[in-house]
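One letter stands for each residue in the lines below.
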Amino acid sequence: MSAASGTPFKVSVGTFMLFFIPSLFINMLLATTLAAAFAAHIAHRVMSRPPPLPPANVGKRVDITRDGFLESKLPARVDAIVIGSGVGSLYTAAFLAKQGKAVVVLEQHYIAGGATHAFEESGFEYDTGVHIVNNPLIASKLMAPVAAEEVKWCIMGNEADGYTHERLLLGKDMDFPCRKSTVFADMKAAFPADADNIQRLRRIVDESQIVLGLDLFCKTLPKCVWRFVKNCLIPDSWWRHIERSGAELVSEYASDKKLQALLLARYGDMGGPPSQVAMSLNPAIAEAFAQDGGGYPIGGPGVFARALIPTIEAAGGRVLVRASVEKILLEGLENVPAGEADDAEVAADAETRIAAVRRAGSGAVNTLLRLVGLGKSAAPRAVGVRVKGKDIYAPLVISGAGAWNTYARLLPRALVKPWGFLEHMRTAQPSVSHVYAFVGLRGDQDELQLPSANFWHMDVSAPDYDVQKAAEAFFKDPLRGPVCCFFGFPSAKDPTYADRNPGKSNCLCFAETSLEAFALFEDAQGKASGRRGAEYEAYKREVG
């Protein structure tokens with residue numbers, strides 16, 4: 001009887017086993033086959049991988065970060081080339097080295113480390129780009145898997161001052177300490193009438209950080225997923241706030257002019273005047289430092305390069321300085337000039353392409369630099385770089401030299417043009433410029449007792465305390481405008497500075513300004529210090 005007639009549908013044990021056992025057998029066979037195929041693939045990858053090179057024979061040298069380029073220093077096999085030696089490039093190279101790759105890092109400067117390097121002048125040591133780091137514990141965890149030695153941190157400030165990492169100076173009227181864990185509580189205590197507004201701004205920052213995190217994550221996913229998240233999961237108000245400038249948002253939510261100035265005083269961390277910087281970034285920095293305080297690497301910023309370079313060298317790689325990359329070599333387009341190729345050169349017949357990647361060794365992997373296809377021809381591939389007339393080949397080429405240098409200078413223009421990147425970059429505003437002053441001080445920390453906190457000085461006064469107005473005036477005329485600047489004492493942040501520089505201390509000052517302020521000295525760009533002309537030197541003395 002059928003089930004429709006009301007009689008229960010029954011299956012005998014024999015019938016069940018007749019269908020179940022073959023099905024189970026087929027599934028087990030399929031799973032075993034897939035597992036065997038996966039194991040064979042892994043075994044093939046492992047067996048076809050070139051054997052690791054012995055550690056680099058570096059010989060005698062003065063400094064691990066100043067290893068000058070020579071062709072004889074290149075390893076016998078180069079698995080990857082990294083252009084630039086900023087901390088991101090060095091970290092990438094060290095990560096690859098941990099996988100057994102022989103990586104060559106090429107840096108045009110005389111010292112590796114990018115903005116984390118330190119230099120000496122007249123017997124004093126100065127850092128250049130690392131003045132404070134938030135969440136140093138997280139930074140340590142990120143460095144641990146690839147660093148040859150532990151990067152240790154000193155928390156700025158001390159117990160007596162509540163671990164103050166920064167002080168915000170509003171002219172002569174206010175000195176506000178930014179203390180670990182109490183930044184916003186201290187603001188509420190100083191401005192009780194605006195306590196609710198401060199809390200509201202903090203909530204806006206939290207919402208904006210969620211949006212920023214989702215934005216970065218979803219950009220790795222298909223566009224349809226990001227559109228769904230943006231349109232269906234994120235409230236419109238969160239987007240509205242994230243795109244508003246600091247000057248706009250502060251004027252709406254903070255009634256006290258002095259509080260407005262405090263909230264905007266860190267605009268130098270953002271890279272532009274308050275009207276050009278999203279407000280969500282400014283308090284977000286305060287929020288980050290409020291949780292864990294500010295940290296500074298013990299041994300100075302140069303410890304990052306010194307911790308990562310030995311990992312690279314242990315796998316047979318090298319970090320070479322004074323190695324300016326002239327062009328990125330493309331398979332089949334070796335003779336095309338970087339940055340100025342025309343369409344005829346780019347449309348070279350695919351049959352004439354030289355399989356340079358095979359010359360780099362077996363087991364070549366896809367490069368991270370994927371270029372657009374050219375008509376019916378195969379898409380060109382990055383297979384190496386040219387340095388001082390020497391062609392260096394590798395199956396993997398990574399550029400850490402910045403978008404403009406990579407697309408406009410190192411690659412043929414006609415290859416990049418279809419992407420539209422150059423047009424987009426031309427429409428972007430130039431980033432801010434900085435005026436630096438490095439000051440050497442006689443006497444060590446025990447003698448001078450310098451504060452370890454950083455200082456943001458805003459040359460503003462009652463009744464308006466207008467940071468935006470002061471910033472605009474300084475951007476327009478750094479010599480005569482109100483001084484809005486940062487200064488700190490790196491020697492006071494690093495407990496080992498005196499060991500390296502006995503009887504000495506240092507001070508670093510910088511201010512943001514526009515590129516137009518130095519347009520008169522465009523001809524001095526690229527020239528060595530002391531050879532930039534009398535007019536430039538006179539302007540430099542006037543600024544100092």
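What you are looking at is a predicted structure, and each value in this text was computed from that prediction instead of being measured. Residue numbers restart at each chain and count upward from 1, following the sequence in its written direction. Per-residue local features are limited, in this predicted model, to residues with pLDDT of at least 70; the limit for side-chain atom pairs, both in listing and counting, is 80 or more; totals at the level of whole chains, interfaces and linings are taken over all residues. Values shown for side chains rest on all heavy atoms present in the structure; no hydrogens or waters enter the calculation.

## A closer look at the sheet that holds strand S9 (residues 294-297)
- An order of S5-S9-S6 is seen for the 3 strands of this open sheet, with the pairing classed as antiparallel. The open sheet has two edge strands, strand S5 (133-134) and strand S6 (153-155), and neither has a second partner.
- Relative to S9, S6 is paired through 3 bridges, and the arrangement is antiparallel. When the bridges of S9 are listed, Trp153 appears paired with Pro297.
- Most of the contacts of helix H3 (residues 136-143) go to S6, to which it runs at about 175°, and overall it touches S5, S6 and S9. Two strands pair if DSSP finds at least two bridges between them. In DSSP terms, a helix is any run of H or I states spanning at least four residues, a strand is any run of E spanning at least two, and both are numbered starting from the N terminus. Here a residue-residue contact requires only that any non-hydrogen atoms of the pair lie within 4.5 Å. Lines fitted to C-alpha atoms define the axes, with helix axes restricted to the stretch in contact, and inter-axis angles between N-to-C directions lie between 0 and 180 degrees.

## Overview of the packing of helix H4 (residues 183-190) against helix H5 (residues 195-218)
- The interhelical angle for the contact between H4 and H5, taken along N-to-C directions, is 155°, at an axis separation of 8 Å. Regarding the angle of H4 to H5, the classification is roughly antiparallel. Both H4 and H5 take part in a crossing whose hand is right-handed. Between H4 and H5, the residues in contact are Phe184, Met187 and Lys188 and Ala195, Ile198, Gln199 and Arg202, respectively.
- Residue composition of the contact of H4 with H5, by class: 4 nonpolar, 1 polar and 2 charged. Note on terminology: angles under 35 degrees are roughly parallel, angles over 145 are roughly antiparallel, angles of 65 to 115 are roughly perpendicular, and the others are oblique. Crossings are sorted by hand: turned counterclockwise from the far helix by less than a right angle, the near helix makes the crossing left-handed, and turned clockwise it makes it right-handed. Three classes are used: nonpolar for Ala, Val, Leu, Ile, Met, Phe, Trp, Tyr, Cys and Pro, charged for Asp, Glu, Lys and Arg, and polar for all others, with Gly counted as polar.

## Here's the deal with the sheet that holds strand S14 (residues 397-399)
- Sheet architecture is open: 4 strands sit in the order S10-S2-S1-S14, paired in parallel fashion. Looking at the sheet topology across the chains shown, the edges are occupied by strand S10 (318-320) and S14. Each strand of the sheet is rotated relative to its neighbour by a mean of 15°, with strand direction disregarded.
- In this structure, strand S1 (residues 80-83) lies alongside S14, joined through 3 bridges in parallel fashion. Paired with Ile81 across the two strands is Val397, which belongs to S14.
- Strand contacts of helix H2 (residues 87-98): S1, strand S2 (103-106), S10 and S14, with the helix running at about 170° to S2, the strand carrying the most contacts.
- On the sheet, helix H11 (residues 303-314) packs against S2 and S10 and is oriented at approximately 125° with respect to S10.

## What to know about the layout of surface pockets
- Cavities and pockets were defined on a 1 Å grid built over protein atoms only: a cavity is a set of grid points that admits a 1.4 Å probe from which the probe cannot escape, a pocket is an open set flanked by protein on both sides within 12 Å along at least five of seven lines, and lining residues are those with an atom within 4 Å of any such point. Grid points are joined across faces, edges and corners, and a volume is the space filled by probe spheres set on the points. The computed volume of the largest pocket comes to approximately 2500 Å³.
- Around the largest pocket, the lining comprises 47 residues; the ones closest to its centre are His434, Val435, Tyr436, Arg532 and Tyr536.
- At the level of secondary structure, the elements contributing two or more residues to the lining of the largest pocket comprise strand S3 (118-121), strand S15 (433-442), strand S18 (504-513) and helix H21 (534-543).
- Examining the composition of the lining of the largest pocket, we find that 6 residues originate from one element, S15, more than from any other.
- Residue composition of the lining of the largest pocket, by class: 29 nonpolar, 12 polar and 6 charged.

## Some words on the confidence of the model for the chain
- Chain-level statistics for the chain give a pLDDT mean of 80 and a share of 79% at 70 or above.
- On a scale of 0 to 100, pLDDT captures the predictor's confidence in every residue. Throughout residues 1-7 the model reports pLDDT below 50, and contacts reaching past four residues in sequence, or to other chains, amount to 3 contacts.
- Across residues 340-377, confidence stays below pLDDT 50; counting only partners more than four residues off in sequence or on other chains, it has 82 contacts.

## Things to note about the packing of aromatic side chains
- The pairing test for Phe, Tyr and Trp rings, Trp by its six-membered ring, is centres within 6.5 Å, and the orientation test on the planes gives stacked under 30 degrees, edge-to-face over 60, and tilted for anything in between. For the structure shown, the criterion picks out 12 aromatic pairs.
- Between Phe119 and Tyr126 the ring centres are 5.6 Å apart and the planes differ by 35°, which places this aromatic pair in the tilted class.
- Relative accessible area serves as the criterion here: at 16%, Phe119 is assigned to the buried category.
- Look at Tyr126 and you get buried, because its relative accessible area is 6%.
- Where Trp456 meets Phe486, the ring centres are 5.1 Å apart and the plane angle is 65°; that geometry is what we call edge-to-face. On the criterion of sequence distance, the pair formed by Trp456 in strand S16 (residues 454-458) and Phe486 in strand S17 (residues 484-488) is long-range, its members being 30 residues apart. In this structure, Trp456 and Phe486 share a single accessibility class: buried.
- Lying over the aromatic face of Tyr163, Lys180 brings its terminal NZ or CZ to 5.7 Å of the ring centre.
- Lysine and arginine charges are scored as sitting over a ring when NZ or CZ, respectively, is within 6 Å of the ring centre and within 35 degrees of the ring normal. Here the guanidinium or amino end of Lys504 rests over the ring plane of Phe124, the centre of that ring lying 5.1 Å away. Buried residues are those whose accessible area, probed at 1.4 Å on protein chains only, stays under 20% of the maximum for their type, while exposed residues exceed 50% and partly exposed ones sit between those limits.

## Some thoughts on the pairing of S17
- For S17, a buried count of 4 out of 5 residues is recorded, marking the element as mostly surrounded by other parts of the structure.
- With 4 bridges joining them, S16 and S17 adopt antiparallel strand pairing. Residue His457 lies in a different strand from S17, and its bridge partner there is Cys485.
- Inspection of the sheet shows S17 paired to S18 by 3 bridges, in the antiparallel sense. Opposite Phe487, over in S18, you have Cys509 as the bridge partner.

## Focus: empty space enclosed by the protein
- Counting across every chain of the model gives 5 cavities of 30 Å³ or more.
- In this structure, the second largest cavity spans a volume of roughly 50 Å³.
- Every residue lining the second largest cavity is listed: Glu125, Tyr126, Asp127, Tyr296, Gly300, Pro301, Pro490, Asp494, Tyr497, Arg500 and Asn506.
- Broken down by element, the lining of the second largest cavity gets its largest block of residues, 3 residues, from strand S4 (residues 124-127).

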